[in-house]
Every structure is written in C-alpha cells, then in structure tokens.
Amino acid sequence: MLDCLIIGDSIAVGTHMFRQECVAYAQGGITSHGWDKKFGSNKLESSTVIISLSTNDWEKANTEEKLRLIRSKVKASRVFWIEPNNESKPLAVAHVRKVAAEYGDAIVPTTRWQADKIHPSWAGYKNIAEKTK
C-alpha cells in the first residue's frame, strides 16, 4: 500500500510539489468528471489520500455526485480534502464540505491565495503540505 496519494486538479499538482514523496494522479484544469474518466480506474488505496477536485467544475456538472463516486473508490486511513476558495468558488466549497462530512474526512482550508483567488500561494501550498502530514 502507498503511504500517500494526491488526486485532483492543478491545486493537487501544486500540492505534489510540496509533498513529492506522494504519488499523484493529478492534472491541471481537469474537472471532477474528467478526473474520474482519466484516473478513476486506478487503485486509489493509500495510508493518506489528499483530494483537490471541484474547482474546475461548471455549475450544473453534478459535482457532488461525482465527488461522492470518486470518494467511494478511495481506501485510506486518512483522507484530506483541500477546500477551494469560498470567495471565488462557494458552490465547490459546499460540495466538498458535504462529501467530506459524509465520510468523516478532514478539510484543509487555505487562506493564502495567488492573485487569481483560485490557486494557493507558495505559502498556502506549504501550509497544505504541513496540515496533511
């Protein structure tokens, strides 16, 4: 079994830069649906799984259902969800919080953002890495 697995979008890619010991199934710009199509058949089993999905989903994309499907494939002792920025992605935040709560997973909030208000700053990524160890 893996020690650490990071799954998701560009924020997952950035997180991997600070958690290089983890395996990453991540791609910039990918939606939850796109991620499931591309990576969902991989074995998603690890001691720790870090998830960043929903930020690229459009409003009527059944994000909550897709996140629930992806989470059902994860087998891990600890699961962390990186919370999107509530200021720019409030619907994504709601979906992540709901699915994480259903599974008893931890949510990692980020308070330090790049100018786009989507991606964490380098200090934000460092904070995510520290909170997911």
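Below is a summary of the structure that appears in this document. (Residues numbered from 1 in each chain as written. Predicted model: local features only at pLDDT ≥ 70, side-chain atom pairs only at ≥ 80, totals over all residues. Heavy atoms only, no water.)

So, about the overall build of the protein chain. For the protein chain, the helix and strand inventory stands at five helices and five strands. Along the chain direction, N to C, the helices and strands of the protein chain fall in the order β-α-β-α-β-α-β-α-β-α. In terms of overall size, the protein chain behaves like a compact globule, its C-alpha atoms giving a radius of gyration of 13 Å where 133 residues would be expected to give roughly 14 Å. Structurally, the protein chain occupies a C-alpha span of about 35 × 30 × 25 Å along its principal axes. Burial status across the protein chain gives 47% buried among its 133 residues. For the protein chain, contacts bridging at least 24 residues in sequence account for 64% of all contacts bridging at least 6. (Helix = DSSP H or I, 4+ residues; strand = E, 2+ residues; numbered from the N terminus. Rg over C-alpha atoms; globule rule 2.2 N^0.38 Å. Buried < 20%, exposed > 50% of the residue type's maximum accessible area, 1.4 Å probe, protein only. Contact = heavy atoms within 4.5 Å.)

Here we come to unusual backbone geometry. The backbone phi angle of Asn-62 is positive, close to 55°, even though this residue is not glycine. Mapped onto the secondary structure, Asn-62 falls in the loop between strand E3 (45-52) and helix H3 (63-73). The backbone of Lys-117 shows a phi angle near 60°, a positive value even though the residue is not glycine. Structurally, the position occupied by Lys-117 is in the loop between strand E5 (106-108) and helix H5 (122-131).

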